[in-house]
Amino acid sequence: MLEAAGRPSFFTSWQWIGTLLDMVPPASRPKLLRGRVHGETVALALLGANASRRRHGLVRSRGLHLNETGDRCFDTLTIEHNGILAAASFEAIIWDELIAWFADACHEADELYVGGSQLRLQEKMVEGRGLRRIETAVPSYSIDLRLLEGSGGELYPVLSANARQQLRRALRRFEESGPLHLREAETQAEAFEFFTSMKALHRASWERRGKPHSFTGTFFERFHRRLIERSFAEGGTQLLRACAGDRIIGFLYNFRLGNRIYAYQSGFDDADRRERPGIVTHALAVRHAFRTGARVYDFMAGRNRLKESFATRCEPMLWQVVQQPRFVFRVEDLARRVKRVLRPERNDTAE
């Protein structure tokens, strides 16, 4: 009911939140945070609670996690566009109310984790109450599909000369195997078939590079299969398959809410390093999104060359931690600063 009065992202919609509550065991299930005005509910969020130790056990913390459980086994889902679901008329004040509530809960919680949000908590809101804030920013990329109106959804108008050349070269290489075409799963059974095939390609690609992948744990797959069950019929989840003739080159697992497409997961036939199946599959998916009425194609957080080449917008996605004024956190922050001075971070760019 509150969704109709607010502006949720897919990750704060009942499709995502309801699936999380359905799949997490009762012992790990988050609690409900409710905002009321004159007895009427105007804001809702989940708060997971978790006691943790870090820095070799020297730092102990009772953490609260917005719309997450606080348990790494379940939070590998990686929420983005996170926030508080609020009636539109209360969106401007609800974050201040949350931070005020957390400040008053100093005997119950030490840290408040707000992961994957594009809203930066204001200094006055946090420091003005004697709290501290730590921030990690990750670039988040998207395409404004309205810029493609003149091309009917083709990417060329927003690409650099070099990116256009790379895309044309990638398209020509796959067209040697046959005409390129994209299919969207039409039934739930077909969606599960695409999901299973995507998983196989995803795992093979990441294992070939010796890197951990999303399907390492069991909860990730169980959650998303349930999410597809709950949301596919109403268009919340979208499974796409790209082919060159009879050859499958890639799958995309996307979310959709309103006019926004969230490109959440993928699997590509990328064993031949001379081929660029990701570029081709996303180019076809962008055109499909435009032609089905979407206005934003969201690559979400994380840097790579494809996103940088295709995107028309880059904004920070923030992982923030608000801390109570504890001496141990000041010591931890000092140790972190000393470590950065002694061992500067590498500035690598993901491929």
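Residues numbered from 1 in each chain as written. Predicted model: local features only at pLDDT ≥ 70, side-chain atom pairs only at ≥ 80, totals over all residues. Heavy atoms only, no water.

Caption draft 1: Quick peek at the nonpolar core. Membership of the largest hydrophobic core comes to 34 residues, with the highest contact counts inside it found for Leu 145, Leu 155, Tyr 297 and Phe 310. For this core, the secondary-structure elements that each account for two or more residues are strand 6 (132–144), helix 6 (161–175), strand 8 (237–244), strand 9 (247–257), strand 10 (260–268), helix 9 (277–291), strand 11 (296–301) and helix 10 (305–310). Ranked by residue count, the leading element in this core is helix 9, at eight residues. Apart from residues no more than four positions distant in its own chain, Leu 145 is found in contact with Val 286, Ala 289, Phe 290, Ala 294, Arg 295, Val 296 and Tyr 297. (Core = buried A, V, L, I, M, F, W, Y, C linked by side-chain atoms within 4.5 Å. Buried < 20%, exposed > 50% of the residue type's maximum accessible area, 1.4 Å probe, protein only. Helix = DSSP H or I, 4+ residues; strand = E, 2+ residues; numbered from the N terminus. Contact = heavy atoms within 4.5 Å.)

Caption draft 2: Quick look at the confidence of the model for the chain. Per-residue pLDDT for the chain averages 94, and the proportion of residues at 70 or more is 97%. In the predicted structure, residues 347–351 sits below a pLDDT of 50 and forms six contacts with residues beyond four places in sequence or in another chain. (pLDDT = per-residue confidence, 0-100.)

Caption draft 3: A look at the pairing of strand 3 (residues 59–66). Burial analysis of strand 3 places six of its eight residues in the buried class, the great majority of the element. Bridge count for strand 2 (residues 40–54) against strand 3 is eight bridges, and the pairing is antiparallel. Bridging from a neighbouring strand, Ala 49 pairs with Leu 64 of strand 3. Bridge count for strand 3 against strand 5 (residues 111–117) is three bridges, and the pairing is parallel. When the bridges of strand 5 are listed, Gly 63 appears paired with Glu 111. (Pairing = 2+ DSSP bridges.)

Caption draft 4: A look at the pairing of strand 10. A large share of strand 10 lies buried, amounting to nine of its nine residues. As judged from the eight bridges shared by strand 9 and strand 10, these two strands associate in the antiparallel manner. Bridge assignment links Phe 255 to a residue of strand 10, and that residue is Tyr 262. Where strand 9 folds back onto strand 10 in an antiparallel hairpin, the turn is made up of two residues, including Gly 258, whose phi is positive at roughly 65 degrees. Bridge analysis of strand 10 against strand 11 gives three bridges, and the strand direction is parallel. Directly across from Tyr 262, in strand 11, lies its bridge partner Asp 298.

Caption draft 5: Examining the layout of surface pockets more closely. Roughly 1100 Å³ of internal volume is contained in the second largest pocket. Contributing to the lining of the second largest pocket are 35 residues, with Tyr 113, Thr 136, Trp 319, Gln 320 and Val 321 lying nearest its centre. Elements supplying a minimum of two residues to the lining of the second largest pocket: strand 2, strand 3, helix 3 (72–75), strand 5, strand 6, strand 12 (313–323) and helix 11 (327–342). No other element matches strand 6, which puts six residues into the lining of the second largest pocket. (1 Å grid on protein atoms, 1.4 Å probe; cavity = no way out; pocket = protein on both sides within 12 Å on 5 of 7 lines; lining within 4 Å. Points joined across faces, edges and corners; volume = space filled by probe spheres on them.)

Caption draft 6: Inspection of the side chain of Thr 281 at higher detail. Along the chain, Thr 281 falls in helix 9. Thr 281 has contacts with Ala 242, Ile 249, Gly 250, Leu 252 and Phe 268, leaving out every residue within four places of it along the chain.

Caption draft 7: Broad picture of the packing of aromatic side chains. Under the definition given, this model contains 23 aromatic pairs. A centroid spacing of 5.2 Å and a plane angle of 75 degrees characterise the contact between Tyr 297 and Phe 299, whose relative ring orientation is edge-to-face. For the pair Tyr 297 and Phe 299, a shared accessibility class is recorded, and that class is buried. For the cation-ring pair, Arg 168 lies above Tyr 156, with the distance from its terminal atom to the ring centre recorded as 4.5 Å. (Phe/Tyr/Trp six-rings, centres within 6.5 Å; stacked < 30°, edge-to-face > 60°. Lys NZ or Arg CZ within 6 Å of the ring centre and 35° of its normal.)

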